[in-house]
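Summary of structural features
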Amino acid sequence: MSDRTSRRGWVVVLFAFVALDGALIQARGALVPVFEDVFTVSESYLGLVTPVGTIGFVLAMLLFGTASGRIDIKRFLVISVAATIASVLVLGLSPTYLLLLVFIGVRSFSTGIFRSLDRSVLSHLYPNSRARVLSLHTMVWAVGATLGPLLVTAVMWEFSWRGTYLVLAIALVPVLVGLWRLERPDSLDNERSLELEDVNAYYGNSHVLFDLNLAVEQNEVVALLGRNGAGKTTTLRSITGTVGRREGLITFRDHDITNHSVDAISNMGVKLVPEERRIFPTLTVQENLVVARDSCTGTPPPVEEMYEIFPALDDHRDSRGRNLSGGEQQMLAVARALVQDPDLLLL
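These remarks concern the structure in this document. A quick note: this is a predicted structure, and the numbers were derived from the prediction, not measured.

Basis of the calculations
- Residues numbered from 1 in each chain as written.
- Predicted model: local features only at pLDDT ≥ 70, side-chain atom pairs only at ≥ 80, totals over all residues.
- Heavy atoms only, no water.
- Helix = DSSP H or I, 4+ residues; strand = E, 2+ residues; numbered from the N terminus.
- Buried < 20%, exposed > 50% of the residue type's maximum accessible area, 1.4 Å probe, protein only.
- Contact = heavy atoms within 4.5 Å.
- Areas by Shrake-Rupley, 256 points an atom, 1.4 Å probe, with all protein chains shown as cover.
- Lys, Arg positive; Asp, Glu negative; His and termini not counted.
- Charge placed at Lys NZ, Arg CZ, Asp CG, Glu CD.
- Salt bridge = Lys/Arg side-chain N within 4 Å of Asp/Glu carboxyl O.
- Phe/Tyr/Trp six-rings, centres within 6.5 Å; stacked < 30°, edge-to-face > 60°.
- Expected span 1.5 Å × (residues − 1).
- Arc of directions from axis to C-beta.
- Bend = angle between axes of the 7 residues up to and from the residue.

1. Looking at the overall build of the chain
- On a plain count of helices and strands, the chain comes out with 13 helices and 6 strands.
- For the chain, the spread of C-alpha atoms along the three principal axes comes to 80 × 45 × 45 Å.
- When burial is assessed residue by residue, the chain has 44% of its 347 residues classed as buried.
- Pairs at least 24 apart in sequence give 72% of the contacts found in the chain among residues at least 6 apart.
- Of the roughly 17,800 Å² that the chain leaves accessible, carbon and sulfur atoms contribute 58%.
- Distance from the positive charge centre (30 side chains) to the negative charge centre (35 side chains) of the chain: 3 Å.

2. Quick notes on the pattern of salt bridges
- In this structure the tally under the stated criterion is 5 salt bridges.
- With its nearest N and O atoms 3.5 Å apart, the salt bridge here joins arginine 115 to aspartate 118. With arginine 115 and aspartate 118 both in helix H5 (residues 97-125), this residue pair falls 3 residues apart, about one helical turn.
- Take arginine 115: its relative accessible area is 16%, and that puts it in the buried class.
- The class of aspartate 118 is buried, set by a relative accessible area of 0%.
- One salt bridge connects glutamate 304 with arginine 317, and the closest N-O pair in it is separated by 3.1 Å. Separated by 13 residues along the polypeptide, glutamate 304 in helix H11 (residues 303-309) and arginine 317 in the loop between helix H12 (311-314) and helix H13 (326-338) bring together distant segments of the chain.
- Given a relative accessible area of 23%, arginine 317 falls into the partly exposed group.
- Through salt bridges with shared partners, one network takes in Asp21, Arg107, Arg115 and Asp118.

3. A short note on the packing of aromatic side chains
- On inspection of all chains with the given rule, the structure shows 8 aromatic pairs.
- With centroids separated by 5.4 Å and ring planes inclined at 80°, the aromatic side chains of phenylalanine 35 and tryptophan 161 adopt a geometry described as edge-to-face. Linking phenylalanine 35 in helix H1 (residues 3-39) with tryptophan 161 in helix H7 (residues 161-181), this pair joins segments that are 126 residues apart in sequence.
- Classification of tryptophan 161 as buried rests on a relative accessible area of 4%.
- Among the aromatic side chains, those forming a connected cluster through ring pairs are Phe35, Phe39, Tyr97, Trp161 and Tyr165.

4. Some details on the environment of serine 261
- Mapping serine 261 onto the fold places it in the loop between strand E4 (255-256) and helix H9 (262-267).
- Among the residues examined, serine 261 registers a relative accessible area of 36% and is labelled partly exposed.
- Serine 261 sits 116 residues away from alanine 145 along the chain, and the two C-alpha atoms are 37 Å apart.

5. Considerations on the side chain of aspartate 21
- Within the secondary structure, aspartate 21 sits in helix H1.
- What makes aspartate 21 buried here is its relative accessible area of 2%.
- The contact partners of aspartate 21, leaving out residues within four places of it in the chain, are Arg107, Thr111, Arg115 and Trp141.

6. Things to note about helix H3 (residues 49-65)
- Taking 1.5 Å per residue, 17 residues should reach 24 Å; H3 reaches 24 Å between its end C-alpha atoms and fits that length.
- Within the span of H3, buried status applies to Val49, Gly53, Gly56, Ala60, Phe64 and Gly65. Across the axial projection of H3, the buried residues extend over an arc of 130°, all falling on one side. Among the exposed residues of H3, those pointing more than 90 degrees away from its buried face are Ile55 and Leu62.

7. A short note on H5
- With 29 residues, H5 extends 42 Å between its outermost C-alpha atoms, agreeing within 8% with the 42 Å of an ideal straight helix rising 1.5 Å per residue.
- Considering bend angle alone, the principal kink of H5 is centred on leucine 117 and spans about 25°.
- Judged by how many residues are buried, H5 sits mostly within the fold: 22 of 29 residues are covered.

Structure representation (structure tokens):
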């Protein structure tokens, strides 16, 4: 399959799902009066339909939106579509209003996974015309949302409200098949990990960085060279949020982190090895590594791996940090960052 054909296939699949997602959301709204009659619930309970759907969608966006560069995007897109089909089918079979709400939440979470990843795929497929493609993406959703109520009307002309969800589930099957057959785009492996655009940094009233632009691709090693006072350390502090004031745009895996807190940036996988080392002097080498590992989320590597990378530390695992030599302290500082399984390591 040629690159152009593959890109077109991805666009068709992504846009088809987005259109059907719009139809699903608006169909749900059009069916609310029907739910009131079928399940004999009050208007206050009917008001739970939208919040439940929103919570499921937002939760998926929070969990997967920040992880788009660290997961197998195609696999999770396939899982999302399959889960959406299953939840839509079960949604149409709901025997009680409570189960209906549960399945609405599951359906929203499933589509939320897809919607948290699809724009990233489009951005990689069309990096030079991203704005136009994403505008089309929004327009396709609007078209689907417009057709949703019309679909409800057409289906209920001959069948019950449950038939609407059956039709939408069947319409999603070709999307799943098409997505399964597509090859993962090579451009997803070339994700821009970090980008600084026109960044300015200040210490009090002192202007230190002037309109800095920097890009780091995934799996790329970049060295900052310059004389003392050129702004190398300030650049790293700007990325991690430890500088006094900064302006411009700093993005990490397509997420704006310019105004994020230090801990939020660290939790996204950005780890800094400070030049002053800043190990815990009264803790042993082992304790320094355990504390660092236990402070991170996800599944970090075992501490023993650090001793394989830095054999010199293995002989001093029970020594306090202040008793190590300067070189050993530097090894410990680097190992402490590595044991947190960083996505971006700043030295």
